[in-house]
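Secondary and tertiary structure notes
Now for the letters of each chain:
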Amino acid sequence: MPYKMNMAIREALDCLGDGHALWSPETAEAVCKAVGVSWDKRLAKKMYSQRGSNPKFNIYMDEEGSMAVDSSRLRYYVMGKLGVSSDRHFYGRGKQALHDAQQIKEKLKLQNNQ
């Protein structure tokens, strides 16, 4: 599902809490804007998909590859810009991403309903 350019903070935290996604550069830029950090276009890299794969979100790769931002790379970038460091380390990328997104939410002093 493509995200809109002016996304809400909740959508941005959902993106940051996903440890297994590839985001379009436009979506990654919208995440940065929503959480109040500058966008760095160098986060986007040309990525390739294996034949017959089914992408989870809004990156559809062709044989020539597509520009994309790995969700973990985006999350660590945002955390660095906000001065957040992970206080716990999990084996799974998904669990780590959810924990880190919660820490970002706390740093931004958001309530549970935001």
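This text goes with the structure placed above it.
Our subject in this report is the structure included herewith. Note that the structure is a prediction, hence the values are computed from the model and not measured. (Residues numbered from 1 in each chain as written. Predicted model: local features only at pLDDT ≥ 70, side-chain atom pairs only at ≥ 80, totals over all residues. Heavy atoms only, no water.)

Here we look at the packing of helix 1 (residues 9-16) against helix 2 (residues 25-35)
Packed helices, taken two at a time, are described by their axes: the angle between them and the distance between them. Between helix 1 and helix 2, the least distance of the axes is 9 Å, while the angle of their chain directions is 120 degrees. In this view, helix 1 runs oblique relative to helix 2, as classed from their interaxial angle. Here the hand of the crossing between helix 1 and helix 2 comes out left-handed. For the pair helix 1 and helix 2, contact is made by Ile-9, Ala-12, Cys-15 and Leu-16 and by Thr-27, Val-31, Ala-34 and Val-35, respectively. Here the residues of the contact of helix 1 with helix 2 sort into seven nonpolar, one polar and no charged. (Axes fitted to C-alpha atoms, helices over the stretch in contact; angles between N-to-C directions. Helix = DSSP H or I, 4+ residues; strand = E, 2+ residues; numbered from the N terminus. Parallel < 35°, antiparallel > 145°, perpendicular 65-115°, else oblique. Left-handed = near helix turned anticlockwise from the far one by under 90°. Contact = heavy atoms within 4.5 Å. Nonpolar A, V, L, I, M, F, W, Y, C, P; charged D, E, K, R; others polar.)

Brief notes about the side chain of Arg-75
For Arg-75, the position within the fold is in helix 3 (residues 71-82). Under the relative-accessibility criterion, Arg-75 is labelled buried at 1%. Here Asp-100 takes part through its side chain, which lies 3.1 Å from a polar atom of the side chain of Arg-75. When near neighbours in sequence (up to four residues on either side) are disregarded, Arg-75 contacts Leu-16, Asp-18, Gly-19, Gln-96, Ala-97, Asp-100 and Ile-104. (Buried < 20%, exposed > 50% of the residue type's maximum accessible area, 1.4 Å probe, protein only. Polar contact = N/O pair within 3.5 Å; in protein donor to acceptor, adjacent residues only side chain to side chain.)

Observations regarding helix 3
Owing to its 3.6 residues per turn, the α-helix brings residues three or four apart onto one side. Compared with an ideal rise of 1.5 Å per residue, which puts twelve residues at 16 Å, helix 3 spans 16 Å between its outermost C-alpha atoms and is within 8% of the ideal. Ser-71, Ser-72, Leu-74, Arg-75, Tyr-77, Val-78, Met-79 and Leu-82 are the residues of helix 3 that are buried. Next to the buried residues of helix 3 lie helix 1, strand 1 (22-23), helix 2, strand 3 (66-70) and helix 4 (93-107). Sitting at the head of helix 3, Asp-70 places a side-chain oxygen 2.9 Å from the backbone nitrogen of Ser-72. (Expected span 1.5 Å × (residues − 1).)

Section: the packing of aromatic side chains
Considering all chains together, one arrives at zero aromatic pairs under this definition. Above the ring of Tyr-76, the side-chain terminus of Arg-75 is found at 4.8 Å from the ring centroid. (Phe/Tyr/Trp six-rings, centres within 6.5 Å; stacked < 30°, edge-to-face > 60°. Lys NZ or Arg CZ within 6 Å of the ring centre and 35° of its normal.)

Notes on the environment of Arg-93
By the secondary structure assignment, Arg-93 is in helix 4. A sequence separation of 73 residues divides Arg-93 from His-20, and the C-alpha atoms of the two residues are 7.1 Å apart. In contact with Arg-93, other than residues within four places in its own chain, are Gly-19, His-20 and Ser-72.

Worth remembering: the numbers are spatial, not functional.
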